[in-house]
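# Tertiary structure, described
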Amino acid sequence: MTDAPAPTPSYSYLGPAGTFTEAALKQVPEARGTNWRPVNNVGEALADVVAGRSVAAMIAIENSVDGGVSATQDALATVPGLRIIGEYLVPVNFVLVARRGTALAEVRVVNAHPVAYGQSRGWLERHLPAHGHIPATSNVQAAASLFEEGDRADAAVAPPGIVELLDVDVLARDIGDNPNAVTRFVLVGRSRELPAPTGADKTSVIVELPDDEPGALLAMLEQFSTRGVNLSLIQSRPIGDALGRYRFVIDLEGHVRDERVADALLGLRRFSPNVIFLGSYPRADRREIQYHSKYDDGVFVEARDWLRGILSGEPEG
Ligand SMILES: O=C(O)C(=O)Cc1ccccc1
């Protein structure tokens, strides 16, 4: 009897095909030749991972113009059991498209993904000052909706590649507020296995501050500064249960297998009522992490050995 072949794994991404999220997934070598599941939102992508329908999901987490994608940050804070396993960067720029024959002067209402809208607002306000906005689930869906019955929009903000997918006129190119805009995506799975350190890693955590403790924010930051750990992102998000309660989404330079990072996480864990470890993974830009030699692994190991010696009554050498 022969074993049945293992089922082809699936990866979830914000669809339909042609989105920037799909471009990010194309950068993942392990995803080649697998099933790709187009979904409508971050929640659906992560639910696929939690239920085991997909091994991982590609989700947008931050862009250089509009900042953190709050739906993603909040989902990572509240859906248990998720791990970030990789980071990918995609340059983004946008075109304004319409059904064939539409003139720019006729555009009253624009379909756009909220994050894309946030990045094209300057152009839209200058050229279509009285426009209305209808939110779309993705950049490609914004344009696809123009062909759906009952859609009230005259134009859509979409990726330049949309012209290969849909029969549209391009009313304007490069309508993004920043021509060098980049979106950062993360690949999120469930595996507890830590990727090996590469020397160019990031670690993501979400940390809650203790209530009503003066200086708590400073105490949190000291955990990093006293171990020479640099942060590449720190952003607060409301916890949502009461005014004035926040959690911090933090990306730090290094891998949890680096002694200085592990020691900083121990410090965080002692002080914070809730620390969520979201993963250690290679940085998208593969830039090697620089830190002072006084935070080398060997320095932490030596200090531990010294203490162990004291506790076990060894003579000091
Ligand atoms: O992946 C897409 O195309 C999206 O719709 C999400 C998005 C929105 C804006 C910038 C990058 C990704």
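Look up: the structure comes first, before these words.
Each residue is numbered by its place in its chain's sequence as written, counting from 1. Two thresholds apply to this predicted model, a pLDDT of at least 70 for residue-level local features and 80 or more for giving and counting side-chain atom pairs, whereas whole-chain, interface and lining totals are computed over all residues. Computation of side-chain values covers all heavy atoms of the structure but excludes hydrogens and water.

Before going further, it helps to spend a moment on the overall build of the protein. Broken down by element type, the protein carries 8 helices and 15 strands. Judged by the C-alpha coordinates and their principal axes, the protein covers about 90 × 65 × 35 Å. Partly exposed describes any residue whose relative accessible area lies between the buried limit of under 20% and the exposed limit of over 50%, with all areas from a 1.4 Å probe on protein chains only and scaled to the type maximum. With 317 residues in all, the protein has 45% of them scored as buried. The contact criterion used throughout is that any non-hydrogen atoms of two residues lie within 4.5 Å. Sequence-distant contacts, at least 24 apart, represent 75% of the contacts inside the protein between residues at least 6 apart. Here, Shrake-Rupley sampling with a 1.4 Å probe gives the accessible areas, and only protein chains in the shown set may cover a residue. For the protein, the accessible surface area stands at approximately 16200 Å², while carbon and sulfur atoms represent 52% of it. Secondary structure elements follow DSSP: runs of H or I of four or more residues count as helices, runs of E of two or more count as strands, with numbering from the N terminus.

Time to look at a nonpolar patch on the surface. Nonpolar side chains collect at one region of the surface, where W306, L307, I310 and L311 lie side by side and expose about 440 Å² of accessible area between them. Here W306 lies in helix α8 (residues 297–311). Here a patch means residues that are over 30% exposed by relative accessible area and free of salt bridges, tied together within 9 Å if like-charged and within 5 Å if nonpolar (Val, Leu, Ile, Met, Phe, Trp, Tyr). Take a side-chain nitrogen of Lys or Arg and a carboxyl oxygen of Asp or Glu: if they are within 4 Å of each other, that pair is a salt bridge.

A few words on α8. In this analysis, the expected span of each helix is defined as 1.5 Å times one less than the number of residues it contains. Taking 1.5 Å of rise per residue, 15 residues should cover 21 Å, and α8 covers 21 Å from first to last C-alpha, within 8% of that figure. Looking one or two places after α8, you find G313, whose phi comes out positive at around 75 degrees.

Side-chain rings of Phe, Tyr and Trp, where Trp is taken by its six-membered ring, are said to pair if the distance between their centres is within 6.5 Å; with planes under 30 degrees apart they count as stacked, over 60 as edge-to-face, and otherwise as tilted. Applying the stated criterion across every chain yields a total of 2 aromatic pairs. Relative to W36, the ring of Y13 has its centre 6.1 Å away and its plane inclined at 65 degrees; by these criteria the two rings are edge-to-face. Linking Y13 in strand β1 (residues 10–14) with W36 in strand β2 (residues 35–39), this pair joins segments that are 23 residues apart in sequence. Judged by relative accessible area, Y13 falls into the buried class, the value being 4%. We classify W36 as partly exposed; its relative accessible area is 25%. Between F20 and F94, the aromatic rings sit 5.6 Å apart at their centres with planes inclined by 90 degrees, giving edge-to-face as the arrangement.

When you line up the elements, K202 lands in strand β12 (residues 201–208). By relative accessible area, which is 7% here, K202 ends up buried. Distance and chemistry together define a polar contact, namely a pair of N or O atoms within 3.5 Å, with one atom able to donate a hydrogen and the other to accept it when in protein, and with adjacent residues in sequence counting only for side-chain atoms on both sides. A polar atom in the side chain of K202 sits 2.5 Å from the side chain of E87. Residues in contact with K202, not counting those within four places in the same chain, are E87, R184, S232, D251, L252, G254, G279, S280, Y281 and R283.

The next point concerns the layout of surface pockets. Only protein atoms enter the 1 Å grid used here. Points where a 1.4 Å probe fits but cannot escape make up a cavity, open sets with protein on both sides within 12 Å along at least five of seven lines make up a pocket, and a residue lines them when an atom lies within 4 Å of a point. Grid points are joined across faces, edges and corners, and a volume is the space filled by probe spheres set on the points. Approximately 500 Å³ is the volume found for the largest pocket. Lining the largest pocket are 31 residues, with L14, A60, V69, H113 and V115 positioned closest to its centre. Those elements that place two or more of their residues in the lining of the largest pocket are α1 (20–25), α2 (42–51), β3 (56–63), β4 (67–68), α3 (70–78), α4 (114–127) and β11 (182–189). Classifying every residue of the lining of the largest pocket gives 15 nonpolar, 15 polar and 1 charged. Counting residues domain by domain, the lining of the largest pocket receives three or more from each of domain 1 (1–90 + 182–190) and domain 2 (95–172). Counted as a void, the second largest pocket has a volume near 150 Å³. L209, P210, D211, D212, E213, A216, I239, G244, R245 and Y246 together form the lining of the second largest pocket. Here the term charged refers only to Asp, Glu, Lys and Arg, the term nonpolar to Ala, Val, Leu, Ile, Met, Phe, Trp, Tyr, Cys and Pro, and the term polar to all other amino acids, Gly among them. Note that the domain bounds reflect an automated or database-derived domain assignment.

This part covers the nonpolar core. The set of buried Ala, Val, Leu, Ile, Met, Phe, Trp, Tyr and Cys residues whose side-chain atoms join them within 4.5 Å is what this entry labels a nonpolar core. In terms of nonpolar packing, the biggest core is built from 30 residues, with L25, M58, L96, L124, V157 and L187 touching the most fellow members. Counting residues per element, this core draws most heavily on α4, which supplies 4 residues. Non-local contacts of L124, meaning those with residues more than four positions away in its chain, are made with L96, V110, Y117, P129, H131 and V157. Counting residues in each nonpolar core, the second largest holds 19 residues, with A45, I61, V186 and I206 among its members.

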